[in-house]
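Remarks on the overall topology
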Amino acid sequence: GEDVEQSLFLSVREGDSSVINCTYTDSSSTYLYWYKQEPGAGLQLLTYIFSNMDMKQDQRLTVLLNKKDKHLSLRIADTQTGDSAIYFCAENKLSFGAGTTVTVRA
Amino acid sequence: NAGVTQTPKFQVLKTGQSMTLQCAQDMNHNSMYWYRQDPGMGLRLIYYSASEGTTDKGEVPNGYNVSRLNKREFSLRLESAAPSQTSVYFCASSAGDSGANVLTFGAGSRLTVL
């Protein structure tokens, strides 16, 4: 929905870091989420962050939250071919961004 | 662990035909949702049911009806299909209690309206 905006495409070399950005409008969102969709499948939760946190790290994933600018980012370290997918940002009102298609090239 | 099951996976309809998409979850979740996914537009919420016995409109409810049959099942009906309803439909569920509202999605139903 228009409440959440993401860039549509990202191409990254295998082994590099990927950074996917998202902006949202609902300042009252208590949680913000990242979901991953592989081809032909439904979305699966990757991670989420509580709004009183600035950063959350989970293995290769790092989420950064800037509440002042309503900006959320997902960093994937050491990107692998299995990370090729569509990544969706979502906020608490169940609004999803359009999704960022990440393509990992050898 | 079936999670969220949607049927059918694929369907082709002619304009004006009706059909129902079925969804069932086995996680004892309170809340259930129907989304549609279109290229470049992400997921848009059609209807949701916060708890058994309640349903509410989402962002794009026109042309659809829903039924929360019981706690497990939430169906989506197209009474008179239109080509604009060609899309991939996802059902999802969540515990619906306080805290992070994590959605579990089905595999999707691809609908084509000719």
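I will try to describe carefully the structure that is included in this document. The structure presented is a predicted model; accordingly, all values stated were derived computationally and were not measured. (Residues numbered from 1 in each chain as written. Chains lettered and ligands numbered in written order. Predicted model: local features only at pLDDT ≥ 70, side-chain atom pairs only at ≥ 80, totals over all residues. Heavy atoms only, no water.)

1. Focus: the state of the cysteines
All names here are of chain A. Inspection of the entire model under this criterion finds two disulfides over all chains. In this model, Cys-22 is linked to Cys-89 through a disulfide, with the two sulfur atoms separated by 2.0 Å. Sign of the S-S torsion, about -65° for the bond between Cys-22 and Cys-89, identifies this disulfide as left-handed. A residue pair is termed long-range when its members are at least 10 positions apart, and Cys-22 in strand β3 (residues 18-24) and Cys-89 in strand β9 (residues 85-91) qualify at 67 residues. (Disulfide = S-S within 2.5 Å. Helix = DSSP H or I, 4+ residues; strand = E, 2+ residues; numbered from the N terminus.)

2. Description of the pairing of strand β5 (residues 42-49) of chain B
Residues and elements named next belong to chain B. Counting buried positions along β5 gives seven out of eight residues, so the element sits mostly inside the fold. Pairing between strand β4 (residues 31-38) and β5: seven bridges, direction antiparallel. The residue of β5 that forms the bridge with Asp-38 is Gly-42. Here β5 hands over to strand β6 (residues 56-57) after six residues, with Gly-53 in that stretch at a positive phi of 95°. (Buried < 20%, exposed > 50% of the residue type's maximum accessible area, 1.4 Å probe, protein only. Pairing = 2+ DSSP bridges.)

3. Remarks on the nonpolar core
One finds Trp-34, Ile-46, Tyr-64, Leu-76, Tyr-89 and Leu-111 of chain B to be the most contacted residues of the largest nonpolar core, which totals 20 residues. Broken down by secondary-structure element, the contributors of at least two residues to this core are β3 (19-25), β4, β5, β8 (74-78), β9 (87-94) and β11 (109-113) of chain B. Residues within four places of Leu-76 of chain B in sequence aside, it is in contact with Met-19, Thr-20, Leu-21, Trp-34, Ile-46, Tyr-64, Asn-65, Val-66 and Tyr-89 of chain B. Formed by 19 residues, the second largest nonpolar core is a distinct cluster that contains Val-4, Trp-34, Leu-61 and Leu-74 of chain A. (Core = buried A, V, L, I, M, F, W, Y, C linked by side-chain atoms within 4.5 Å. Contact = heavy atoms within 4.5 Å.)

These figures capture arrangement, not role.
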